[in-house]
Amino acid sequence: MGESLGLYLHIPFCRSKCDYCDFYSLAGREDLMDGYQKALLAHIAECGDLAGKEVVDSVYIGGGTPSWYGAQRICALLSAVGRRFRLSRDAEITMEANPDSVMLKDLRKLRRAGVNRISMGAQSAHNSELACIHRPHTFEQVEQAVEAVRKAGIKNLNLDLIYGLPGQTEESWHESVERVLALEPEHLSCYGLTLEEGTPLARRVEAGEVLPDDDMQAELYLWTVERLRQAGYLQYEVSNFARMGFQSRHNLKYWMGMPYMGIGVAAHSDFGGCRYSYVSDVEGYIRGVLEGGELLDSSERIPERERGSEYLMLRLRTVHGIEQWEYRRTYFMNFDPIAARLQEYEQRGWAECSGGRWHFTPEGFLLSNRLIGELLELQEAATLENTLEKVHGNQIPGR
C-alpha cells in the first residue's frame, strides 16, 4: 500500500461569481444540481473501486461554494465516500463555505456526517472592499458564520483573506488582519490578489482601474508574516499559516507531491503515476458519468524526471523545503549546482538551511517564481550534462 490518499470533490455551483475568480464555477444554475448530484454519487462509486485498498486520510469539498449546494447533498456525498473508500478514522474532512450560506442547523448536520474542518472565504473585514469585488456577504456575516461554526462543535476553522484588493490601503489591510485574528481561527490563508485573464476584474483593470502595486503587496505580505507569527500562527507555505497541529493535511498533499484523487467536473488527480482531469462542463460531465460520454479532459503518465522538477517547484513553496540526499536518492540527479545557487540566495536573505533542509525566507517567497525558475534551469542543464556524459562514455571502447 502506498501513501495515504487525498480525495477532492468539486462542487461548481455558486450564488454569484466574484470578479477575481477564474475557477470553474457557475452562478444561477441550481437547475443542474440534482443531475450533478446523481453523477457525483455514481462517480464516487467508480473511483472507490479504482482506489482499492488505499486509505483516504483527507477529504476536501471545494468549489464553487459547497455550502450553497446544500447540507443534505453534502451529507449524502460523505456517506457514499464512507461506503466506497477506506476512510481513516481520523480523516481530515474539509468543506469550503461562504459566510452568506452558512446556517447552524446545516453545520450540525455536516459535523455529524463527518465534516471536521471549515474553510471560509472572509477576504476582507471592510464591506466596501467586499462589494468592490462582488463578494455576496458582509463582514458581519463572517462574524455570525464563525459563531455558528463554533456552536456546531467544529474546532478547525480556516479563514481566507486577500491583499491587493481594489481600494485597499495599508491601514485597511492591517484592520482586516486584526479583526480576523479576533475571531481566533485555527488556520489563515492570506493570498495576494492575482489578475486572471478573462475575469471581470481583469477587464476593469484594462479599462483603467488601479490596484495596489507589487511593492505595496510585498510590504503587506511581509507585515502579515510577522504579525501572524507574533499571534502564534506559523507559516508553513507561501500563503498559509496555522496554529500548532492545524496545518491543512489535504493541501500538504499537493505541495509534498502525495497522491490525490479528484471527483467532479474540472477536477484534477495525481494517482497511480498518472495525472488526469475531467471535462470543464457540468452537463458534459453528467453525460460522461451517466451515459458513458467523454469524461476525461486530459491524461498523462508523469516521467521521473518531471517529478524531480515538481519536487523543487512544490516543496519550495513550503517551509519544509528540500534536502539534497532526499533529492539525489529519489531522482538520481546532481544537487551540487542547486546547492551552490541556494547558498547565493542565502547570502541575499532569500533562503536558509536548517536541519539539513533548504527553504525560502519570507523575502524569498516573494521572489519564489523567479528563484524556482532559475533552479529548474540549473536542473535541466545538469540533467543534459549527465545524459551527454553517459552517451560519450558508451562510445569510448573499453570504458
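Residues numbered from 1 in each chain as written. Predicted model: local features only at pLDDT ≥ 70, side-chain atom pairs only at ≥ 80, totals over all residues. Heavy atoms only, no water.

**Student:** Which residues make up unusual backbone geometry, and what values do they have?
**Tutor:** The residue after Gly63, namely Gly64, is reached through a cis peptide bond having omega 20°. Phi is positive for Gln123, which is not a glycine, with a value near 75°. Here Gln123 lies in strand 6 (residues 117-123). One non-glycine residue, His134, adopts positive backbone phi at about 60°. With respect to the helices and strands, the residue His134 is situated in the loop between helix 5 (127-132) and helix 6 (139-151). (Helix = DSSP H or I, 4+ residues; strand = E, 2+ residues; numbered from the N terminus.)

**Student:** Describe the pattern of salt bridges, and please don't skip the residues or the numbers.
**Tutor:** Summed over the entire model, instances satisfying the criterion amount to 26 salt bridges. A salt bridge links Arg341 to Glu344, with the shortest nitrogen-to-oxygen separation between them at 3.6 Å. With Arg341 and Glu344 both in helix 14 (residues 336-347), this residue pair falls three residues apart, about one helical turn. Of the charged contacts in the structure, one is a salt bridge between Glu374 and Arg341, with a shortest N-O distance of 3.6 Å. Of this pair, Glu374 sits in helix 16 (residues 368-395) while Arg341 sits in helix 14, placing them 33 residues apart in sequence. On the basis of relative accessible area, Glu374 is assigned to the partly exposed category, the value being 22%. The network of salt bridges with shared partners includes Asp270, Arg275, Glu300, Glu306, Arg307 and Glu310. (Salt bridge = Lys/Arg side-chain N within 4 Å of Asp/Glu carboxyl O. Buried < 20%, exposed > 50% of the residue type's maximum accessible area, 1.4 Å probe, protein only.)

**Student:** Provide a residue-level description of a positive patch on the surface, including the pertinent values.
**Tutor:** Taken together, the side chains of Arg108, Lys109, Arg111, Arg112 and Lys155 define a basic patch exposed on the protein surface. Counting through the fold element by element, Arg112 comes out in helix 4 (residues 104-113). (Patch = residues over 30% accessible without salt bridge, like charges linked within 9 Å, V, L, I, M, F, W, Y side chains within 5 Å. Areas by Shrake-Rupley, 256 points an atom, 1.4 Å probe, with all protein chains shown as cover. Lys, Arg positive; Asp, Glu negative; His and termini not counted. Charge placed at Lys NZ, Arg CZ, Asp CG, Glu CD.)

**Student:** Describe the packing of helix 7 (residues 170-181) against helix 9 (residues 214-230), with residues and values.
**Tutor:** Direction vectors running N to C along helix 7 and helix 9 enclose 25°, while the axes themselves pass 11 Å from each other. Classed by the angle they form, the pair helix 7 and helix 9 counts as roughly parallel. Note on packing geometry: the crossing formed by helix 7 with helix 9 is right-handed. The segment helix 7 lies against helix 9, with Glu170, Trp173, His174, Val177, Glu178 and Leu181 engaging Met216, Glu219, Leu220, Trp223, Thr224, Arg227 and Leu228. Here the contact of helix 7 with helix 9 is built from residues that sort into seven nonpolar, two polar and four charged. (Axes fitted to C-alpha atoms, helices over the stretch in contact; angles between N-to-C directions. Parallel < 35°, antiparallel > 145°, perpendicular 65-115°, else oblique. Left-handed = near helix turned anticlockwise from the far one by under 90°. Contact = heavy atoms within 4.5 Å. Nonpolar A, V, L, I, M, F, W, Y, C, P; charged D, E, K, R; others polar.)

**Student:** Describe the packing of helix 1 (residues 33-51) against helix 11 (residues 282-291), listing the residues and the values that go with them.
**Tutor:** Relative placement of two packed helices is described by the angle separating their axes and the distance separating the axes. Close contact between helix 1 and helix 11 brings their axes to 9 Å; oriented N to C, the two are set at 45°. As judged from the angle between their axes, helix 1 and helix 11 are oblique. Helix 11 is crossed by helix 1, and the crossing has left-handed handedness. In this structure, helix 1 contributes Gly35, Tyr36, Lys38, Ala39, Leu40, Ala42, His43 and Glu46 to the contact, and helix 11 contributes Val282, Tyr285, Ile286, Val289 and Leu290. Across the contact of helix 1 with helix 11, the residue classes break down as nine nonpolar, two polar and two charged.

**Student:** Provide a residue-level description of a negative patch on the surface, including the pertinent values.
**Tutor:** Side chains of Glu170, Glu171, Glu175, Asp213, Asp214, Asp215 and Glu219 sit close together on the surface and give a patch of like negative charge. If you list the elements that add at least two residues to the negative patch, you get helix 7 and helix 9. Among the secondary structure elements, Asp214 is positioned in helix 9.

**Student:** Can you break down the packing of aromatic side chains residue by residue, with the values?
**Tutor:** Going through the model one piece at a time under the given rule, you end up with 17 aromatic pairs. A ring pair is formed by Tyr311 and Tyr327, whose centres lie 5.8 Å apart and whose planes are at 40°; its orientation type is tilted. Taken together, the residues span a long stretch of sequence, with Tyr311 in helix 12 (residues 304-315) and Tyr327 in helix 13 (residues 324-331) at a distance of 16 residues. For the pair formed by Tyr311 and Tyr327, the shared burial category is buried. Centre to centre, the rings of Tyr311 and Tyr331 are 5.5 Å apart; their planes meet at 55°, and the pair counts as tilted. Linking Tyr311 in helix 12 with Tyr331 in helix 13, this pair joins segments that are 20 residues apart in sequence. According to the relative accessible area criterion, Tyr331 is buried, its value standing at 16%. Linked through ring pairs, Phe13, Tyr36, Tyr69 and Tyr285 together constitute an aromatic cluster. For Arg73, the ring lying beneath its charged end belongs to Tyr69, and the centroid distance is 5.3 Å. (Phe/Tyr/Trp six-rings, centres within 6.5 Å; stacked < 30°, edge-to-face > 60°. Lys NZ or Arg CZ within 6 Å of the ring centre and 35° of its normal.)

Remember, this is a structural readout, not a statement about activity or role.
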